[in-house]
Amino acid sequence: MRLKDKVAIVTGAGSIRPGMGNGKATAILFAREGARVVAADIRLEAAEETAEIIKREGGEATAVQVDVTKEAGAKELVETTISRYGSLDILFNNVGGAYGGTSLKVTVEEWDATMDLNLKSVLLVCKYAVPEMIKSGGGAIVNNSSMAAYHSHGVYAYSASKAGVIALTRCLAAGLAKENIRVNCVAPGLMDTPLVAPIMTEKRIRRVEERVPLRRHGKAEETAYTVLFLASPEASYITGQTIPVDGGLSAQ
Amino acid sequence: MGIVNFSLEGKVALVTGGSRGIGQASALAFAEAGADVVVSSRKLPDLETVAEEIRSRGRKSLAIAAHIAKIEESQNLVEKVTAEFGRIDILMNNAGTNPYFGPIIDAEEWAWDVTTNVNLKGPFLLSQLVARVMRQQGGGSIINTASVGGLRPGGQQGIYSVTKAALIMLTRVMAREWGQYNIRVNAIAPGVIKTRLSEALWKEAAAGEAATTRTALGRLGETRDIAGAVLYLASDASSYVTGDTIVIDGGVV
């Protein structure tokens, strides 16, 4: 077990719709590898569903309802973790999404909401999680970016916020290495997760089969294993990096 | 969730440059994860020791001497592995050389030829041969040992840097073309890892200190720092990752 006795927070740990999302799959995998998991989500029932799956498998989890786009929420999440498990070793900043508004038609409200959800949330949770990791003697942070950070995407705010996550990852990695905290990023490509279920059309599936070298969508579990790798001691000399989980899309 | 961990149970791996350093550490990691492992390099004696270490972990192993930039030796290597094991699931192109340390303005032709042959032509030829086996069996994973020198020019090691940059592009080219066969191709780009090949970069105290200072983590890498990433890339844990180069440099950000 790679994460035995570690304490991990996963934000966005519930699925927005039925099925397996990146956060849910990662929370479950962390628990299978021995971690005690705080499954955080803005929807309590989503967080609870993930925590229930973990407990049914014999793992340890706590569901927390929290809005990590608010400083008070981020603070409370970390405080709850410490009061429940006493320390913090691993953080997966997974929460994210897009609020409509393609191209320059985006409203200021949509832009701000997307930046808050995808980028500010990372900063806020780190702000309160890092001091606790320092107390534990170090830790590992993994942020969820997206291949949209590199490729143009109809929703500008989504691309820009996810590129911001990569830049923030590098800043945090440089700043926190002396505290023995590694900070890395995953960048999922075209995934078949509940988040994109509404746009999973026959046409999209065919396009993916033509364009992606591995000729299929990715699965949430495939993101989860990459996050696990980056969070584990096996990635002990890797920090500031972003691993695309994209079936080779960006290799072209 | 369908992925069975980082397990390599039932798989066959081939590691070139397997007698020392990163290759040796990776071969042992593969064996510990359940794979049978063939190690290859130009000279046999050190290789036999590694094969013994693999067998002591309860896995099968072969040590085969081969100069992979020579097509007939690469062919012979692949034939021997498939004759013995019937398949190749993992290929790690780790054999590399850096025979000339100095400014490229003074480099002689032999340095170019030797470095490109071992670092680039060798991985190309061997990957091509192994990919034909992998295509037939329904897939596989290829890992190329590149270097951070392939991303930023390394001082005194210009030719080496050029070959490693080309190896990163070869990785992407193969990933793009071979994804349809379920063959994943990725690279690692180590920073300064304490091996014999990189001695010039760390053995002398001042050089070692300078290299250490550049890393955010404040230490040079060990071969075990590499083995974890290689195991991730070899196993189904990275099943949707191809064409990527993982930088393992302690954070030169």
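Residues numbered from 1 in each chain as written. Chains lettered and ligands numbered in written order. Predicted model: local features only at pLDDT ≥ 70, side-chain atom pairs only at ≥ 80, totals over all residues. Heavy atoms only, no water.

Colleague: What is the right way to look at the packing of aromatic side chains in this model?
Modeller: Geometry of an aromatic ring pair is reported as the spacing of the ring centres plus the angle between the planes. Taken as a whole, this structure holds three aromatic pairs over all chains when the rule is applied. A ring pair is formed by Phe229 of chain A and Tyr232 of chain B, whose centres lie 4.3 Å apart and whose planes are at 5°; its orientation type is stacked. One end of the pair, Phe229 of chain A, is in helix H7 (residues 220-231); the other, Tyr232 of chain B, is in helix H8 (residues 223-234), on a second chain. Across the pair, exposure class does not vary: Phe229 of chain A and Tyr232 of chain B are buried alike. Between Phe6 of chain B and Tyr232 of chain B the ring centres are 6.5 Å apart and the planes differ by 45°, which places this aromatic pair in the tilted class. Placement of the pair is Phe6 of chain B in the segment before strand E1 (12-16) and Tyr232 of chain B in helix H8, with a sequence separation of 226 residues. A residue is classified by how much of its surface remains accessible, and Tyr232 of chain B, at 0% relative accessible area, is buried. Here the aromatic residues Tyr225 and Phe229 of chain A together with Phe6 and Tyr232 of chain B are joined through ring pairs into a cluster of three or more. Just above the ring of Phe6 of chain B sits the side chain of Arg2 of chain A; from NZ or CZ to the centre is 4.0 Å. (Phe/Tyr/Trp six-rings, centres within 6.5 Å; stacked < 30°, edge-to-face > 60°. Helix = DSSP H or I, 4+ residues; strand = E, 2+ residues; numbered from the N terminus. Buried < 20%, exposed > 50% of the residue type's maximum accessible area, 1.4 Å probe, protein only. Lys NZ or Arg CZ within 6 Å of the ring centre and 35° of its normal.)

Colleague: Quick question: what am I supposed to make of the side chain of Ser15 of chain A here?
Modeller: Residue and element names in this part refer to chain A. By secondary structure assignment, the location of Ser15 is in the loop between strand E1 (7-11) and helix H1 (22-32). Among the polar contacts listed, one links the side chain of Ser15 to the backbone nitrogen of Gly21, at a separation of 3.1 Å. Residues contacting Ser15, with those up to four places away along its chain left out, are Met20, Gly21, Lys24, Arg43, Ala46 and Pro194. (Polar contact = N/O pair within 3.5 Å; in protein donor to acceptor, adjacent residues only side chain to side chain. Contact = heavy atoms within 4.5 Å.)

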